[in-house]
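Report on the structure
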Amino acid sequence: MPKHYKIGILKETKTPPDRRVALTPEQVVEVMNKFENVDVVVQPSELRCYKDDEYLRVGVKLQDDLSDCDLLIGVKETKIPTIIPGKTYMEFAHVAKKQPHNQKLIQAFAENSNTVIDYEYLTDKNGVRLVAFGHWAGVVGAYNALRAIYLKHKLGELPPAHTLHDYNELKGVLSEIRLPALKFVITGGGRVAGGAQEVLGQANVVEVTHEEFLSREFDHPVYTRLDPWHYAKRKDDKPFEWDNWVSNPADHVSTFLPYAHTADVFIACHYWDFRSPHFFTVDDMKQPDFRISIIADVSCDIPGPIPSTIKASTIADPFFDFNPTTGKEEPAFSCGMNVTVMSIDNLPGELPRDASEFFGRLLIDKVLPHLLCDDCEGVIERATVLKDGKLTPRYAYLQDYLSGKE
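Computed from a predicted model, the values in this text were never measured in an experiment. (Residues numbered from 1 in each chain as written. Predicted model: local features only at pLDDT ≥ 70, side-chain atom pairs only at ≥ 80, totals over all residues. Heavy atoms only, no water.)

**What about the overall build of the chain?**
A count of helical and extended segments in the chain gives 14 helices and 18 strands. Here the C-alpha radius of gyration of the chain, 22 Å, is about what a compact globule of 406 residues would show, namely 22 Å. Considering the chain as a whole, with its 406 residues, one finds that 56% of them fall into the buried category. When contacts within the chain are restricted to residue pairs at least 6 apart in sequence, those whose partners lie at least 24 apart make up 69%. Accessible surface computed for the chain: about 17700 Å², of which carbon and sulfur atoms make up 51%. Counting 45 positive and 59 negative side-chain charges, the chain places the centres of these two groups 2 Å from one another. (Helix = DSSP H or I, 4+ residues; strand = E, 2+ residues; numbered from the N terminus. Rg over C-alpha atoms; globule rule 2.2 N^0.38 Å. Buried < 20%, exposed > 50% of the residue type's maximum accessible area, 1.4 Å probe, protein only. Contact = heavy atoms within 4.5 Å. Areas by Shrake-Rupley, 256 points an atom, 1.4 Å probe, with all protein chains shown as cover. Lys, Arg positive; Asp, Glu negative; His and termini not counted. Charge placed at Lys NZ, Arg CZ, Asp CG, Glu CD.)

**Comments concerning the packing of aromatic side chains**
The full count for this structure, using the stated rule, is 24 aromatic pairs. For the ring pair phenylalanine 133 and phenylalanine 359, a centre distance of 4.1 Å and an interplane angle of 10 degrees mean the geometry is stacked. You can see phenylalanine 133 sitting in the loop between β6 (115-118) and α4 (134-152) and its partner phenylalanine 359 sitting in helix α12 (residues 352-371), a full 226 residues away along the chain. Comparing phenylalanine 133 with phenylalanine 359, the two get one shared label, buried. Through a chain of ring-to-ring contacts, the aromatic side chains of Phe213, Trp229, Tyr231, Phe240, Trp242, Trp245, Phe256, Tyr259, Phe266, Phe279, Phe280 and Phe290 assemble into a single cluster. The cationic tip of arginine 20 hangs over the ring face of phenylalanine 133; the distance from NZ or CZ to the ring centre is 4.3 Å. The ring of phenylalanine 213 is capped by lysine 183, whose NZ or CZ atom sits 4.9 Å from the centre of that ring. (Phe/Tyr/Trp six-rings, centres within 6.5 Å; stacked < 30°, edge-to-face > 60°. Lys NZ or Arg CZ within 6 Å of the ring centre and 35° of its normal.)

Below you can see the structure in the form of structure tokens.
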């Protein structure tokens with residue numbers, strides 16, 4: 001580490017806007033106290049959930065021009081015109097799955113000789129992710145599923161999460177919710193699913209076993225949660241093995257359909273590899289026995305394993321309908337035969353203060369020690385997509401995507 005290391009906290013430039021920040025005012029002070037010779041400055045922002053004054057009050061310097069910083073830390077993707085050549089960026093870049101909408105971004109980073117560290121790939125030696133907003137995505141995603149139920153079933157209207165001060169206020173809303181006897185299915189077993197389960201529990205939705213879920217109807221709302229071995233199987237019919245799933249997801253097929261025939265609401269909280277099987281097809285959705293009428297796609301992979309997720313919705317306009325017959329989008333709640341979709345791709349942005357504090361804690365405890373020391377465990381290296389504008393060996397598979405050939 002150089003004698004003096006300067007970190008710049010970026011203002012978020014993505015549209016639609018995101019109000020989160022990687023480090024809260026108190027956390028910036030903590031970083032400077034904890035790591036010798038590290039200075040942190042914050043780019044002013046009128047949108048951020050923590051106001052400029054909150055940083056100034058604890059003695060943090062505001063600085064508009066971050067070109068003298070060694071590392072620039074943001075949350076969502078940097079807007080291309082704001083890229084500073086030659087700098088190291090740490091953010092959710094959303095390029096490593098060859099996302100079409102961010103192809104120009106990775107090309108711009110490469111052209112500007114940037115180094116890009118992607119939060120999503122910061123892992124320990126066992127492959128476990130170190131930082132994520134996942135818990136808060138699950139919390140808000142499940143809450144938005146409840147909002148959709150209220151609107152679709154004409155039960156009234158629940159306040160959007162972003163209009164509430166914080167999670168404590170949201171809990172008060174959850175305690176008053178009264179739901180019909182609907183069945184929810186959650187996919188995924190990580191922090192995202194945990195957040196969704198937390199919200200459903202507070203709304204008095206009871207967890208049941210997979211067998212009960214598939215074979216019984218209930219007089220109260222229930223949910224079940226699926227791991228990959230519950231919704232996928234090997235093509236060769238050999239027993240499911242986790243390591244084989246991780247390394248060879250394309251050798252599997254979906255076994256999710258029984259749940260699509262018994263669930264009313266699907267809350268998708270899984271991690272998806274672009275080689276993995278899709279949960280179901282548009283043709284499956286056209287069948288009379290396809291029961292799911294609301295999909296809260298927290299994972300929001302486009303294109304991805306849920307064919308009705310044809311776009312990311314926004315915090316301002318969270319819901320749309322998908323017509324399986326036409327394969328097209330229609331206005332939300334416009335037709336009972338449609339599937340209503342919530343596919344906001346920055347869900348934690350609805351509870352930005354809670355999410356920012358949670359994320360910054362992980363960053364300080366689990367990432368900065370590796371970044372500011374010698375990265376002896378390879379944590380930073382594993383998450384570095386571009387180094388000085390060139391793809392690192394781990395991400396060499398992106399070469400055609402970067403070159404514009406795919």
